[in-house]
Amino acid sequence: VFDDGDEEFDAAIGIADGKIVRWFGSNTDVSELRDSEARLATQIAELKALYDSAPIGLAFFSRDYRYLRINEELAAINGVAVEKHVGRTIREVLSV
């Protein structure tokens, strides 16, 4: 792996009399992937900071209305721990 984001793979595929007679190799630029991963990590950190510091209850739901993410504030309002929300519907959580 090179500092500029390129990855290189080389392999000798033919050896005769102790000498390499053929090479196979590829070179792939992964800098765009690394940039995308860094942006995603930043966005996740920002979202976590928002959830951790919000003075109001926040939650994300799946298409079938199951909790995907909930902050401590909303969990306290509901009177149910955060981990008891994730993967459940509002009805399942609040009927406990």
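Everything below is about the structure printed above this text.
Now for a description of the structure that goes with this document.

Rules used throughout
Residues numbered from 1 in each chain as written. Predicted model: local features only at pLDDT ≥ 70, side-chain atom pairs only at ≥ 80, totals over all residues. Heavy atoms only, no water. Core = buried A, V, L, I, M, F, W, Y, C linked by side-chain atoms within 4.5 Å. Buried < 20%, exposed > 50% of the residue type's maximum accessible area, 1.4 Å probe, protein only. Helix = DSSP H or I, 4+ residues; strand = E, 2+ residues; numbered from the N terminus. Phe/Tyr/Trp six-rings, centres within 6.5 Å; stacked < 30°, edge-to-face > 60°. Lys NZ or Arg CZ within 6 Å of the ring centre and 35° of its normal. Salt bridge = Lys/Arg side-chain N within 4 Å of Asp/Glu carboxyl O. Pairing = 2+ DSSP bridges.

### Brief notes about the nonpolar core
In summary, soluble globular proteins display a tendency toward joint burial of nonpolar side chains. Within the largest apolar cluster, 7 residues are counted, these being Tyr 67, Ile 70, Leu 74, Ala 75, Val 80, Val 82 and Val 93. Those elements that provide at least two residues to this core are β4 (67-70) and α2 (72-78).

### Observations concerning the packing of aromatic side chains
One pass over the full model with this rule turns up 2 aromatic pairs. Here the aromatic rings of Tyr 51 and Phe 60 are separated by 6.0 Å at their centres, their planes lie at 25 degrees, and the arrangement is stacked. Residue Tyr 51 is classed as buried on the basis of its relative accessible area of 6%. The ring of Tyr 51 has Arg 69 sitting right over it, with the charged end atom 5.5 Å from the ring centre.

### Notes on the pattern of salt bridges
A full pass over the atoms with the stated rule returns 3 salt bridges. Salt-bridge contacts for Lys 48 lead to Asp 52; the nearest nitrogen and oxygen are separated by 2.7 Å. One end of the pair is Lys 48 and the other is Asp 52, both in helix α1 (residues 31-53) and 4 residues apart, which spans about a single turn. Residue class for Lys 48 comes out partly exposed when judged on its relative accessible area of 46%. In this structure, Asp 64 and Arg 66 form a salt bridge, with 3.3 Å as the shortest nitrogen-oxygen distance. For Asp 64, a relative accessible area of 44% corresponds to the partly exposed category. Each member of the salt-bridge network shares a partner with another, and the members are Asp 64, Arg 66 and Glu 92.

### Notes on the pairing of β4
As paired strands, strand β3 (residues 59-61) and β4 are joined by 3 bridges and run antiparallel to one another. Residue pairing in the sheet places Phe 61 in a bridge with Tyr 67 of β4. Counted along the chain from β3 to the antiparallel partner β4, the turn is 5 residues long, and its residue Tyr 65 has a positive phi close to 65 degrees.

### So, unusual backbone geometry
Although it is not a glycine, Tyr 65 sits at a positive phi angle of roughly 65 degrees. Locating Tyr 65 in the fold gives a position in the loop between β3 and β4. With a relative accessible area of 59%, Tyr 65 lands in the exposed category.

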